[in-house]
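Chain residues, written in single-letter form:
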Amino acid sequence: MSEEKPQDINQVMKARLEKLAQITEKNVNPFTYNYDREHFASDILEQFDQYENKEVSVAGRIMALRRMGKAAFAHIMDSSARIQIYVRLDDVGEAEYEIFKLLDIGDIIGVKGPVLKTHAGEITIKVTQLELLTKNLRPLPIVKEKEEEGKKVTYDAFSDTESRYRQRYVDLIVNREVNTVFMKRAKVISAMRQYLDDKGFLEVETPVLQPIYGGATARPFTTHHNALDMKLYMRIADELYLKRLIVGGYDGVYEISKDFRNEGIDRTHNPEFTMMELYVAYKDYYYMMDLVEDMVTSIAKNVLGTMKITYQGQEIDLTPPWKRVSLYDAIKEYTGMDLYGKSLEELKAAAKQLNVETEDFWGGGKILDEIFSEKVEEHLVQPTFIIDYPVELSPLAKKHRKDPRLVERFEPFIAGREIGNSFSELNDPLDQRERFERQMALKEAGDEEAQILDEDFLRALEYGMPPTAGLGMGVDRLVMLLTDSPSIRDVIFFPTMRPEN
RNA sequence: GAGGGUGUAGCUCAGCCGGUAGAGCAGCGGCCUUUUAAGCCGUUGGUCGUGGGUUCGAUUCCCGCCACCCUCACCA
């Protein structure tokens with residue numbers, strides 16, 4: 001990558017280096033220190049009447065260049081938009097025009113001059129002063145656009161996914177929509193933070209490096225601390241530490257941060273991903289359902305200004321209230337089978353009848369979960385809370401107040417996809433210890449994702465944790481939904497990839 | 001991890017049944033002081049992902065490897 005050998009430098013780069021030398025010879029610094037830009041392209045374009053004939057100064061990257069001998073048109077792009085500039089020998093003078101002739105697409109320049117409209121009607125800065133700020137040495141993909149019968153036609157789009165992800169900086173320069181997605185991502189996170197702060201919850205930070213991992217069923221990344229000579233895990237969830245803070249007396253804490261899971265990569269999974277976890281004392285999962293509805297709709301309003309979104313062609317209405325259906329009722333609705341209270345053998349038979357494959361060592365909860373994900377999940381396009389899961393699937397959730405075989409847990413589904421997980425938190429340390437022990441038994445039996453007994457977490461619970469509602473939400477998936485992105489890699493700047501060579 | 005697909009110039013692509021490569025844009029040279037996929041004339045550029053094999057000869061056929069994409073499995 002950066003260690004390219006001289007013979008790898010193509011002739012375009014050679015030509016640019018040659019120009020760079022010529023610019024330097026003319027005593028012009030091709031990599032300047034600053035520029036007093038006073039305007040953004042978008043402001044000029046949007047409020048042309050206020051800017052017409054007024055002097056502006058704008059800085060940006062040359063994205064298109066049409067030379068005509070002693071004059072030229074170019075488009076420069078700043079963080080806000082692209083705007084046309086008109087550079088004329090008579091306007092900028094001999095010396096500056098000589099420099100201008102050495103510029104290329106990709107160079108970053110600052111221009112000053114009055115704003116006008118060309119004969120063709122395009123808002124344009126008529127340049128009187130032009131300064132090279134940064135010379136480009138590597139050719140940029142040239143994307144051209146044309147209006148045809150009102151439609152925008154794009155030529156030679158920079159579309160190779162691999163290059164786009166590896167060289168996201170180029171993707172961002174050349175593909176404007178990409179930038180829009182990431183702007184929305186930033187807004188989603190800030191709207192979320194705003195919402196949680198307004199509720200009075202405290203944003204906290206807990207360890208990423210953990211001696212014992214927990215809080216989710218997943219395989220961890222391991223690492224090693226040299227000075228302590230100890231094995232450490234990258235966290236798979238924040239849960240156990242945040243609950244310790246509830247024990248410590250906080251009423252509500254949340255954390256927005258990266259979790260790491262050592263599992264497969266696909267359209268909806270990246271090894272590191274952004275998670276929001278929230279724990280609120282004295283509340284239960286009903287409270288949390290209301291909060292999720294309210295928070296997601298508030299974010300949508302804030303970022304998109306609407307409750308009605310389209311995801312991959314599906315019309316989705318986020319307007320509350322969202323449907324609330326028990327896991328068993330949902331299965332019944334889509335398979336016609338009532339599986340509540342069924343024995344393991346009966347569940348296995350049901351799965352077989354539904355053509356859902358199971359493994360011999362699976363328990364009833366796992367079979368139910370499998371039937372649900374194969375037969376129900378995809379149908380949950382409109383926002384739906386699936387509530388009340390079998391106890392064995394949720395070792396950290398509190399037993400249902402009306403049915404000890406269930407836990408008070410829900411997962412919100414939108415567009416057939418799980419976007420979060422929440423429960424009334426288990427705060428009975430004796431029950432928690434038993435659940436951990438059952439997990440450890442699974443681990444012994446070879447279940448790599450079974451959870452590990454955390455003695456310190458149990459100690460914390462023994463001091464007493466108030467009734468608490470907890471929530472985890474996949475931020476990347478929420479962003480995918482709100483930006484109509486088909487792949488998680490489209491909402492992560494630098495998705496995990498194998499190295500280039 | 002399994003199956004399928006893709007990999008040719010800086011970008012986007014063409015290259016039929018094997019004869020060592022083409023286009024547009026970008027680049028370079030020339031003309032051009034309101035163009036907008038600017039235009040016109042000329043021109044450079046490729047160890048055809050990589051390593052083997054078959055063949056007189058491979059971008060093209062076969063095999064291994066690498067990367068990416070899709071589907072499935074695991075999961076959020």
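Our subject is the structure that appears above.
Residues numbered from 1 in each chain as written. Chains lettered and ligands numbered in written order. Predicted model: local features only at pLDDT ≥ 70, side-chain atom pairs only at ≥ 80, totals over all residues. Heavy atoms only, no water.

1. Some words on the pattern of salt bridges
Working step 1: Overall, the coordinates contain 33 salt bridges when judged by the stated rule.
Working step 2: The salt bridge partner of Lys135 is Asp104, with a shortest N-O separation of 2.7 Å. With Lys135 in the loop between β6 (129-134) and β7 (144-148) and Asp104 in the loop between α5 (94-101) and β4 (108-117), this residue pair connects regions lying 31 residues apart in the sequence.
Working step 3: Take Lys135: its relative accessible area is 3%, and that puts it in the buried class.
Working step 4: The salt bridge partner of Asp431 is Arg435, with a shortest N-O separation of 3.1 Å. Taken together, the residues Asp431 and Arg435, both in helix α14 (residues 429-444) and 4 residues apart, mark about one turn of the helix. Across the pair, Arg435 and Asp431 agree in class, each one buried. (Salt bridge = Lys/Arg side-chain N within 4 Å of Asp/Glu carboxyl O. Helix = DSSP H or I, 4+ residues; strand = E, 2+ residues; numbered from the N terminus. Buried < 20%, exposed > 50% of the residue type's maximum accessible area, 1.4 Å probe, protein only.)

2. Describing the nonpolar core
Working step 1: Formed by 47 residues in total, the largest nonpolar core has its most connected members in Met192, Leu196, Met276, Leu278, Met295, Ile299 and Leu318.
Working step 2: Tallying contributions element by element places helix α10 (residues 285-304) first for this core, with 10 residues.
Working step 3: When residues no more than four places from it in sequence are discounted, the contact partners of Met295 are Met192, Tyr195, Leu196, Met276, Leu471 and Met473. (Core = buried A, V, L, I, M, F, W, Y, C linked by side-chain atoms within 4.5 Å. Contact = heavy atoms within 4.5 Å.)

3. Quick notes on a nonpolar patch on the surface
Working step 1: Among the surface-exposed residues, Tyr169, Phe493 and Phe494 lie close enough to one another that they form a single nonpolar patch of about 350 Å² accessible area.
Working step 2: Given the relative accessible area of 36%, Phe493 is considered partly exposed. (Patch = residues over 30% accessible without salt bridge, like charges linked within 9 Å, V, L, I, M, F, W, Y side chains within 5 Å. Areas by Shrake-Rupley, 256 points an atom, 1.4 Å probe, with all protein chains shown as cover.)

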